[in-house]
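Single-letter residue listing:
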Amino acid sequence: MGDFYQHGLITTLHRLNGGGEQLEGELKKISSRRAIALVLPSLYSELEQPAFQKIIHELGKTGYLSEIVISMNRMDKPQFRQALKFFDSLEQPHRIIWNDGPRIGRLYAKLQKEGLAEYVSGKGFNVWLAFGYLLSNRSVDVIVTHDCDIVNYNRNFLARLAYPVASSSLCYEYCKAYYARVTDRMYGRVTRLFVTPLIRSLVQILGSHPLLVYLDNFRYPLAGEFALSADLARAIRIPGDWGMEIGILAEVFRNTSTRRICQIELAESFEHKHQELARGSSSEGLMKMAFDIAKSIFRTLASEGLVINSATFTSLKFAYTRTAREMLRRYQDDARVNGLVFDARDEGLAIETFVDAIELAAKIFLKDRLISPLIPSWSRVEAAIPGFLDKLREQVEKDNSL
């Protein structure tokens with residue numbers, strides 16, 4: 001029997017029959033009156049991976065996307081030209097945003113001069129700028145985004161993700177994906193052993209704050225796949241680092257009703273590339289990811305009026321360690337009954353790494369409570385620099401005419 005459990009706060013849309021073809025048919029009808037665009041945040045290096053090539057092949061079979069925006073960084077001019085050729089096979093209208101190119105660089109310089117944002121190379125700015133480009137069109141209604149390293153990608157994933165927001169009969173403004181990351185073993189350590197235990201530990205210490213309860217309702221809060229309305233994309237702020245997914249969830253919480261937020265199961269299993277722990281380094285691997293996420297959560301809670309001080313972090317360290325180790329035990333039991341490989345020592349090392357991340361994030365937070373400022377909403381940018389979106393579209397078009 002399929003799992004149809006509802007958490008209570010956020011509507012959960014399950015994958016009960018594995019279907020998706022009927023949704024594509026409905027989306028084709030919907031697309032005649034509501035424009036649905038896709039954002040693909042990417043590094044240039046991902047173009048060479050089989051996963052991205054399969055994604056492009058699958059996208060060629062969809063008939064409801066009005067536009068595809070590939071928002072890329074870490075490439076020079078010859079590589080940008082190569083990227084233009086790579087995406088020529090797409091039948092849908094598409095544009096590549098060269099995030100660290102000279103034309104876009106001048107726009108970032110203007111934002112910095114106005115005190116709005118300082119560019120940091122990463123997924124957050126890639127997604128944010130792609131939203132801006134689509135909003136400059138003023139005819140897009142729904143924006144969908146997903147990662148480009150999905151090994152087992154299927155176009156049904158896209159249809160399931162887009163439909164809850166695109167369909168006027170469902171009335172959702174935001175849809176978050178969830179899935180199991182399982183092969184012969186469990187993955188998703190940052191969610192399993194860090195985010196969930198951290199949020200539940202914060203509830204123990206700070207109480208059942210509505211934001212914490214809301215975050216704990218998501219089955220996979222770090223999923224990079226989500227869809228949202230264009231109006232919501234215009235209103236939310238986005239973190240520029242690995243705290244992006246948690247930060248966006250918090251912004252969605254502030255800008256719409258929980259009745260208009262849902263999560264949807266995309267597949268029985270989902271396979272991404274896997275990150276190394278990189279213990280001892282706050283600039284790479286899962287340590288960097290956990291560090292950025294912790295900063296984002298601490299800053300978000302402080303902005304909600306919660307008092308977080310050194311005593312809070314002392315209690316949090318012990319509460320997190322106890323909760324995470326209890327979760328480790330549960331996952332070990334789960335793996336055993338399902339015949340999965342489970343390295344308890346490696347999982348324990350991950351928890352120790354995440355404790356280091358919490359301590360480092362706490363130290364920086366106590367020193368400067370405005371760490372990791374959010375990139376401003378596009379509504380804010382438009383008010384501060386009239387015509388900026390038009391200029392953004394103009395520069396992107398010039399790049400794509402190379």
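All of the points below concern the structure found in this document. None of the values given here were measured: they were computed from a predicted structure.

## Observations regarding the environment of Ile150
Line of reasoning, step 1. Counting through the fold element by element, Ile150 comes out in the loop between strand E5 (140–145) and helix H6 (155–166).
Line of reasoning, step 2. A sequence separation of 100 residues divides Ile150 from Pro50, and the C-alpha atoms of the two residues are 9.5 Å apart.

## Some thoughts on the packing of helix H1 (residues 21–30) against H6
Helix packing for two helices is described by the angle between their axes and how far apart those axes are.
Line of reasoning, step 1. Taken N-terminus to C-terminus, the directions of H1 and H6 make an angle of 50°; their axes are 9 Å apart at the nearest point. Comparing the axis directions of H1 and H6 gives the class oblique. In the packing of H1 onto H6, the handedness of the crossing is left-handed. Between H1 and H6, the contacting residues are Glu21, Leu23, Glu24, Glu26, Leu27 and Ile30 on the first element and Arg155, Asn156, Ala159, Arg160, Ala162, Tyr163 and Ala166 on the second.
Line of reasoning, step 2. By residue class, the composition of the contact of H1 with H6 is seven nonpolar, one polar and five charged.

## Section: helix H3 (residues 77–86)
Each α-helix turn comprises 3.6 residues. Residues three or four places apart therefore point the same way.
Line of reasoning, step 1. Residues of H3 that are buried: Phe80, Ala83 and Leu84. All buried residues of H3 fall inside an arc of 105° around its axis, so they share one side. Exposed and facing more than 90 degrees away from the buried side of H3 are Pro78 and Lys85.
Line of reasoning, step 2. On the buried face of H3, the contacting elements are strand E3 (65–73), strand E4 (94–98) and helix H15 (388–400).

## Examining the packing of aromatic side chains
Line of reasoning, step 1. Tallying each qualifying case throughout the model produces 21 aromatic pairs.
Line of reasoning, step 2. Both rings, one in Tyr119 and one in Phe125, keep their centres 5.3 Å apart while their planes meet at 75°; by these two values the pair is edge-to-face.
Line of reasoning, step 3. In this structure Phe125 comes out as buried when scored by relative accessible area, which is 3%.
Line of reasoning, step 4. Geometrically, the ring pair formed by Tyr214 and Phe253 is tilted, given 4.7 Å between the ring centres and 40° between the ring planes. Highlighted residues: Tyr214 in helix H8 (residues 210–216) and Phe253 in helix H10 (residues 244–255), separated in sequence by 39 residues.
Line of reasoning, step 5. Assessed through its relative accessible area of 0%, Tyr214 is described here as buried.
Line of reasoning, step 6. Members of the aromatic cluster, connected to one another through ring pairs, are Tyr108, Tyr119, Phe125, Trp128, Trp378 and Phe388.

## Observations regarding the packing of helix H4 (residues 102–113) against H15
Line of reasoning, step 1. Closest axis-to-axis distance for the H4/H15 pair is 9 Å, and the angle between their directions is 160°. Comparing their axes, H15 and H4 come out roughly antiparallel. Here Arg103, Ile104, Leu107 and Leu111 of H4 come into contact with H15, specifically with Phe388, Lys391, Leu392, Gln395, Val396, Lys398 and Asp399.
Line of reasoning, step 2. Across the contact of H4 with H15, the residue classes tally to six nonpolar, one polar and four charged.

## As for the sheet that holds E5
Line of reasoning, step 1. The eight strands lie next to each other as E1-E8-E6-E7-E5-E2-E3-E4, forming an open sheet whose pairing is mixed. Because the sheet does not close on itself, it has two edges, and the strands there are strand E1 (11–13) and E4. If you compare each strand with its neighbour and ignore which way they point, the axes differ by 20° on average.
Line of reasoning, step 2. Across four bridges, the pairing between E5 and strand E7 (residues 226–229) is antiparallel. Looking at E7, one finds that Val144 is bridged to Ala227.
Line of reasoning, step 3. The strands touched by helix H2 (residues 50–59) within the sheet are strand E2 (35–43) and E3, with E2 carrying the most contacts at an inclination of about 165°.
Line of reasoning, step 4. Sheet strands in contact with H6 are E1, E2, E3, E5, strand E6 (174–179), E7 and strand E8 (261–267), and its direction is about 165° off that of E8.

Reading the values: rules and limits
- Residues numbered from 1 in each chain as written.
- Predicted model: local features only at pLDDT ≥ 70, side-chain atom pairs only at ≥ 80, totals over all residues.
- Heavy atoms only, no water.
- Helix = DSSP H or I, 4+ residues; strand = E, 2+ residues; numbered from the N terminus.
- Axes fitted to C-alpha atoms, helices over the stretch in contact; angles between N-to-C directions.
- Parallel < 35°, antiparallel > 145°, perpendicular 65-115°, else oblique.
- Left-handed = near helix turned anticlockwise from the far one by under 90°.
- Contact = heavy atoms within 4.5 Å.
- Nonpolar A, V, L, I, M, F, W, Y, C, P; charged D, E, K, R; others polar.
- Buried < 20%, exposed > 50% of the residue type's maximum accessible area, 1.4 Å probe, protein only.
- Arc of directions from axis to C-beta.
- Phe/Tyr/Trp six-rings, centres within 6.5 Å; stacked < 30°, edge-to-face > 60°.
- Pairing = 2+ DSSP bridges.

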